[in-house]
Amino acid sequence: MSDTTVPATGHRLTAPPVTGYARFLSTGSYRPERVVPNSEIVDRIDSSDQWIRERSGIESRRFARPDESVVDMAEAASRVALERAGLTGADIDVVLVATVTHPYQTPSAATLLAHRLGATPAAAFDISAACAGFCYGVALANDMIRAGTARHVLLVGVEKLTDFLDLDDRGSAFIFGDGAGAVVVGPSDTPGIGPTVWGSDGAQWDAIVNKQSWVEYRDSGHEEWPALKMAGQTVFRWAVWQMSPVAQKALDAAGVAIGDLGAFIPHQANVRIIDAMVKQMGLPEHVPVSRDIATSGNTSAASVPLAMDRMLAEGEAKSGDLALLIGFGAGLAYAAQVVELP
Ligand code: UT7
């Protein structure tokens with residue numbers, strides 16, 4: 001072929017022009033009923049309520065019931081978000097579920113969720129980006145809507161981390177919790193989602209990782225359940241030093257001055273990480289910061305949408321405000337963007 005843009009047949013592809021924008025239409029969340037205070041965790045890891053509060057900011061977290069699944073929790077959060085958007089499952093073109101705790105290698109949690117919501121035949125798949133998963137999903141939903149691949153996207157961040165929690169592991173037993181947060185993303189005349197700044201660092205692949213693979217688990221005669229383990233200090237340092245510049249880049253890419261934010265909603269990993277980011281970024285005092293971690297723990301992919309839904313519900317942030325979102329964790333993967341709150 002002499003002309004690389006025109007195939008020998010002379011036929012060209014047609015594709016819709018990128019014309020519109022996208023925005024969050026609604027949020028929804030689901031928090032399991034059972035509140036688990038630090039006092040229930042401390043004995044098995046020789047810790048104390050005071051140590052956990054001082055080192056992580058966590059006072060309590062929610063644990064799902066044994067019979068409550070990732071899909072159950074995702075469904076509950078999604079139904080709230082759909083109702084608030086004035087839509088039904090039938091209006092949804094794509095279902096995205098960010099999770100690392102759906103206990104089936106295949107099929108995805110998203111296909112079952114789509115079926116339960118009557119969102120068939122929506123395209124549906126899971127996103128495996130751990131604590132960055134929700135913000136990865138925001139990037140995908142935005143791009144799909146802008147490119148015309150979808151009109152309405154349902155995006156859920158959901159985790160049942162208790163299924164992969166070693167309650168005897170001092171480094172992680174007190175950190176994690178369960179829950180689900182959802183958003184409906186739809187078309188908009190004005191930009192409602194800013195450019196995503198994202199990336200990963202696989203050199204630190206083993207900083208937060210299952211103790212072994214499913215294959216190793218099988219071959220060892222089920223010796224040790226593949227619970228999550230975390231090199232806490234390594235991740236802590238990475239998050240504190242690497243994530244503020246990422247957040248700043250997301251602000252710059254969106255053309256938003258830090259003082260114009262109506263909310264800062266970072267991944268709820270550790271309140272000390274949140275406080276360090278606030279300081280490094282020079283976030284003005286008038287910008288509310290989510291500290292949902294105190295009563296939710298670290299819910300990985302669910303943490304940002306849970307925190308966002310709570311800020312809106314409690315009037316800490318309001319519809320139309322600009323919020324800076326950032327997710328970061330296992331991978332190590334990260335993503336940040338500025339969004340207009342629904
Ligand atoms: O969501 C994905 C991203 N995840 C994160 O961003 C988590 C990042 N990491 C962290 O949040 C923190 O590293 C932890 C909260 C997990 C741990 O806090 P830390 O300040 O890094 O604790 P450390 O591991 O440096 O341990 C400090 C001390 C040690 O004692 P010495 O050596 O100072 O005497 C530990 O033995 O605290 C001791 N320690 C504990 N004490 C009571 C470690 N774990 C515990 C515990 N209870 N559970």
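Coordinates for the structure precede this section.
Residues numbered from 1 in each chain as written. Predicted model: local features only at pLDDT ≥ 70, side-chain atom pairs only at ≥ 80, totals over all residues. Heavy atoms only, no water.

Visitor: Mind showing me how you'd approach the site of the ligand here?
Guide: The environment of the ligand is formed by 21 residues, the closest being Ser-47, Arg-55, Gln-233, Asn-270 and Asn-298. In the model, a nitrogen atom of the ligand is placed 3.0 Å from a nitrogen or oxygen of the Gly-232 main chain. Taking Gln-233, its side chain carries an N or O atom lying 2.5 Å from an oxygen atom of the ligand. In isolation the ligand exposes 960 Å². Once the protein is present, 73% of that is buried. Breaking the shell around the ligand down by element, the ones donating at least two residues are helix H1 (49-56), helix H6 (232-254) and helix H7 (271-281). Here the shell around the ligand gets four residues from one element, more than from any other, and that element is H6. In terms of domain composition, the shell around the ligand takes at least three residues from each of domain 1 (21-188) and domain 2 (197-340). (Near = heavy atom within 4 Å. Polar contact = N/O pair within 3.5 Å; in protein donor to acceptor, adjacent residues only side chain to side chain. Areas by Shrake-Rupley, 256 points an atom, 1.4 Å probe, with all protein chains shown as cover. Helix = DSSP H or I, 4+ residues; strand = E, 2+ residues; numbered from the N terminus. Domains from an automatic or database assignment.)

Visitor: Hey, could you run me through the packing of aromatic side chains in this one?
Guide: Pairs of aromatic rings are described using the distance from one ring centre to the other and the angle between the two planes. Under the counting rule described, the total for this entry stands at ten aromatic pairs. Ring plane angle 20° and centroid distance 5.7 Å describe the contact between Phe-164 and Trp-225, whose orientation is recorded as stacked. Note that Phe-164 is positioned in the loop between strand S6 (153-160) and strand S7 (178-188) and Trp-225 in the loop between helix H5 (214-219) and strand S10 (228-230), a separation of 61 residues in sequence. Here Phe-164 falls in the buried class, since its relative accessible area comes to 6%. Judged by centre distance (5.6 Å) and plane angle (85°), the ring pair of Tyr-217 and Trp-225 falls under edge-to-face. We classify Tyr-217 as buried; its relative accessible area is 16%. (Phe/Tyr/Trp six-rings, centres within 6.5 Å; stacked < 30°, edge-to-face > 60°. Buried < 20%, exposed > 50% of the residue type's maximum accessible area, 1.4 Å probe, protein only.)

Visitor: When you look at the pattern of salt bridges in this model, what are you seeing that I'm missing?
Guide: Between side chains of opposite charge, a pair can form when the charged atoms approach closely. Under the counting rule described, the total for this entry stands at 19 salt bridges. A salt bridge links Arg-53 to Glu-59; its shortest N-O distance comes to 4.0 Å. Looking at Arg-53, the relative accessible area reads 40%, which means it is partly exposed. Residues Asp-163 and Lys-160 are paired through a salt bridge, measuring 3.7 Å at the closest nitrogen-oxygen approach. Relative accessible area serves as the criterion here: at 5%, Lys-160 is assigned to the buried category. Via salt bridges that share partners, Arg-31, Asp-292, Arg-310 and Glu-314 belong to a single interconnected network. (Salt bridge = Lys/Arg side-chain N within 4 Å of Asp/Glu carboxyl O.)

Visitor: Looking at this structure, I do not really get the sheet that holds strand S11 (residues 263-266). What am I missing?
Guide: Two orientations exist for strands paired in a sheet by backbone hydrogen bonds: parallel and antiparallel. An order of S8-S13-S12-S11 is seen for the four strands of this open sheet, with the pairing classed as mixed. Where the open sheet ends on each side, the last strands, each with one partner, are strand S8 (197-200) and S11. When the angles between neighbouring strand axes are averaged without regard to direction, this sheet yields 10°. With respect to the sheet, helix H4 (residues 133-147) is in contact with S8, strand S12 (322-329) and strand S13 (333-340), its orientation differing from that of S13 by roughly 55°. (Pairing = 2+ DSSP bridges. Axes fitted to C-alpha atoms, helices over the stretch in contact; angles between N-to-C directions. Contact = heavy atoms within 4.5 Å.)

No statement about biological role is implied by the geometric values presented.
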